[in-house]
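# What the coordinates show
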Amino acid sequence: MDTFIIKGGVPLYGEVAISGAKNAVLPILAATLLTSEPCVIRRVPNLSDVHFMGRILRSLGASFSYENGMVAVHANRIKARGDYDLIRKMRGSICILGPLLARKGKANVSMPGGCIIGTRPIDLHLKGLKALSAEVKVREGYVQVEAKQLKGTEVFLGGRVGPTVLGTANIMMAATLAEGVTIIESAACEPEIVDLAHFLIAMGAKIQGAGTPRMTITGVNKLHGAEHDVIPDRIEAATYAIAAAATNGEVTLKDMRCDHLAAVLDKLKEAGVQFEAKGTSLKILSGGNIQPVDVSTQPYTGFPTDAQAQLMALMLKAPGLSIITERIFESRFMHANELARLGADIAIEGPSAIVRGGMPLSGAKVMASDLRASAALVIAGLMCEGRTQVNRIYHLDRGYEVMDKKLRSLGARVKRGKES
Ligand code: UD1
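The rules behind each value
Residues numbered from 1 in each chain as written. Predicted model: local features only at pLDDT ≥ 70, side-chain atom pairs only at ≥ 80, totals over all residues. Heavy atoms only, no water. Domains from an automatic or database assignment. Contact = heavy atoms within 4.5 Å. Buried area = accessible area lost by both parts, 1.4 Å probe. Salt bridge = Lys/Arg side-chain N within 4 Å of Asp/Glu carboxyl O. Polar contact = N/O pair within 3.5 Å; in protein donor to acceptor, adjacent residues only side chain to side chain. Helix = DSSP H or I, 4+ residues; strand = E, 2+ residues; numbered from the N terminus. Nonpolar A, V, L, I, M, F, W, Y, C, P; charged D, E, K, R; others polar. Pairing = 2+ DSSP bridges. Axes fitted to C-alpha atoms, helices over the stretch in contact; angles between N-to-C directions. Near = heavy atom within 4 Å. Core = buried A, V, L, I, M, F, W, Y, C linked by side-chain atoms within 4.5 Å. Buried < 20%, exposed > 50% of the residue type's maximum accessible area, 1.4 Å probe, protein only. Parallel < 35°, antiparallel > 145°, perpendicular 65-115°, else oblique.

## Quick notes on the domain arrangement of the chain
- The assigned domain composition of the chain is domain 1 (2–19 + 232–418) and domain 2 (22–229).
- Distance between the C-alpha centres of domain 1 and domain 2: 30 Å.
- Taken together, the contact pairs 26 residues of domain 1 with 22 residues of domain 2.
- Across the domain 1/domain 2 interface, buried area totals approximately 1,900 Å², and carbon plus sulfur atoms make up 50% of it.
- Summed over the shared surface of domain 1 and domain 2, the number is two salt bridges.
- Asp49 is the partner of Arg398 in a salt bridge, and the nearest nitrogen-oxygen pair spans 3.0 Å.
- Run the count over domain 1 and domain 2 and you get nine residue pairs in polar contact (both at pLDDT 80 or more).
- Elements represented by at least two residues in the side of domain 1 that touches domain 2 include exactly helix 12 (371–383) and helix 13 (394–399).
- Looking at which element gives the most residues to the side of domain 1 that touches domain 2, the answer is helix 13, with three residues.
- A per-class count over the side of domain 1 that touches domain 2 returns nine nonpolar, five polar and 12 charged.

As structure tokens, then:
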């Protein structure tokens, strides 16, 4: 297995281009199943999750090719039953359920497993599909959904902690081919949902209100092929912004959307990070005297759970107490124990992590447990004196395009090696 070996203590300097958003591209690739015509998606990051989704589409009978950030998919003739083991392995693949059902009248998809960041139920996805008049069964590890003709309806998709991102994506995609009008109340407002809506609209779907909690989808008989450019990855941008501040560097992030990062930038400002946001670029000027901040993760437009671990790494620098509360997923503090190996002082109290910053950090061997936890460990490794080895880097390769290369271009001493 691959590992990152980091020699820390070097400020990052220079420019880095932000890649297309992983969390936008996965549902967009699923949406290509809604049409028998070819689709072209550009600005697709070269990530293992993207190639995995490609394998799933191929296993359903579609053609999928990737070249230089461009994906061509043609789901001319597809089947309704997905490969059990493939789908089970990637949580994001649940978003093929809605499109398959809408296109084929039925779908048979393995139940996604729990994952390291906590149980991740799909009850809201199923509630939405039932509301669209699908019959839903869970049998032998498969979710089986069937509806001769989906029917538009009004459905409330808010859950225990608010809206569901992929649940909204699934119901929105299914509703594009339903008979009549569907209204989703408490829809997720994430930019990735808006991007998916733009792609669906380009395919001929009728969608209003994407990016607000109330979406209206008027069903059409057929969708056609379309082309689309994926939005920049706001979480990748947040990660590099935090890494720049954490190393007290000066980094310009290019090809990004600063408006998608408002909550993160607000917290960085409160923490004393100086930056300039201008058009599609963000320049981090200094992370000199980082101050402790308290933060709670929330659905968009709040502070994203996917940037929580990275902010925790930054708070290791801030003398005093920071309280980081995780409101979206339980057990999303796996990185805290690993950060402790580097010298961090973090106490977990229920949904909150209490970070006592300003402790001396020194490099060690640590293990990545999930995608964003890996990013936090890399940031902490860049802050440490000495050598940090981050194992299980395959988690990082799921969601960060060539992170080692991008960091090296900013002057970081990061090498990819094999786990010993
Ligand atoms: C997506 C993102 C993930 C991000 C998360 C929250 C992708 C591929 N993944 O995941 O990176 O961390 O949004 O921003 O886009 N829930 C239910 N029932 C359901 C569905 C969800 O109770 O049927 C709960 C979840 O357990 C969680 C909360 O709702 O507590 C939000 O989850 P959700 O928005 O669905 O996350 P994903 O869409 O899976």
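## Here we look at unusual backbone geometry
- Cis geometry marks the peptide bond from Tyr300 to Thr301; its omega dihedral reads 15°.
- Examined against the element boundaries, Thr301 turns out to sit in the loop between strand 17 (295–296) and helix 10 (308–315).
- In this model, Asn248 sits at a positive phi of 60°, which is unusual for a non-glycine residue.
- When you line up the elements, Asn248 lands in the loop between helix 8 (234–246) and strand 14 (250–254).
- Despite not being glycine, Val402 shows a phi value in the positive range, around 35°.

## A short note on the sheet that holds strand 8 (residues 142–146)
- Read from one edge of the open sheet, three strands run 6-8-7, paired in antiparallel fashion. Lying at the two open borders of the sheet, with one neighbouring strand each, are strand 6 (106–110) and strand 7 (135–139). Pairwise comparison of adjacent strand axes, ignoring direction, gives a mean angle of 15° for this sheet.
- Note: strand 7 against strand 8, five bridges, orientation antiparallel.

## Section: the site of the ligand
- Inspection of the region around the ligand gives 20 residues, with Asp123, Leu124, Thr164, Asp306 and Ile328 positioned closest.
- Asn23 has a polar side-chain atom sitting 3.0 Å from an oxygen atom of the ligand.
- Here an oxygen atom of the ligand and a backbone polar atom of Leu124 are 2.7 Å apart.
- Only helix 5 (123–131) and helix 6 (165–176) provide two or more residues apiece to the shell around the ligand.
- If one sorts the elements of the shell around the ligand by residue count, helix 5 sits on top with three residues.
- Taken together, the residues of the shell around the ligand sort by class into nine nonpolar, five polar and six charged.

## Observations regarding the nonpolar core
- In terms of nonpolar packing, the biggest core is built from 77 residues, with Leu29, Ile96, Met172 and Leu200 touching the most fellow members.
- Apart from the residues within four sequence positions on either side, Leu200 is in contact with Ala31, Leu34, Met172, Met173, Thr176, Ala205 and Ile207.
- Of all hydrophobic cores here, the second largest spans 73 residues; its members include Leu12, Phe303, Met312 and Ala364.

## Thoughts on the environment of Leu12
- Among the structural elements, Leu12 can be located in the loop between strand 1 (2–7) and strand 2 (13–17).
- Once the C-alpha coordinates of Leu12 and Asn23 are considered, the two residues, 11 residues apart in sequence, prove to be 26 Å apart.
- Those residues in contact with Leu12, other than ones at most four positions away along the chain, are Ala243, Ala244, Thr247, Gly249, Glu250, Val251, Leu382, Leu407, Leu410 and Ala412.

## Details of the sheet that holds strand 14
- If you trace the four strands from one edge of the open sheet to the other, you get 2-14-16-15, paired in mixed fashion. Each edge of the open sheet is held by one strand with a lone partner, namely strand 2 and strand 15 (274–278). In this sheet, adjacent strand axes meet at a mean angle of 15° when their direction is disregarded.

## Notes on the environment of Asp294
- On the secondary structure map, Asp294 appears in the loop between strand 16 (281–286) and strand 17.
- Classification of Asp294 by relative accessible area gives partly exposed; the value is 44%.
- C-alpha of Asp294 to C-alpha of Val355: the two residues are 61 residues apart in sequence and 9.7 Å apart in space.
- Residues contacting Asp294, with those up to four places away along its chain left out, are Lys267, Leu321, Ser322 and Ile323.
- Here the side chain of Asp294 touches Ile323 through a polar contact of 2.9 Å, landing on its backbone nitrogen.

## Some points on the packing of helix 1 (residues 22–31) against helix 2 (residues 48–59)
- Direction vectors running N to C along helix 1 and helix 2 enclose 10°, while the axes themselves pass 10 Å from each other. Considered as vectors, helix 1 and helix 2 are oriented roughly parallel to each other. Residues Lys22, Val25, Leu26, Leu29 and Ala30 of helix 1 touch helix 2, and the partners they reach there are Asp49, Val50, Met53 and Leu57.
- Partitioning the contact of helix 1 with helix 2 into residue classes produces seven nonpolar, no polar and two charged.

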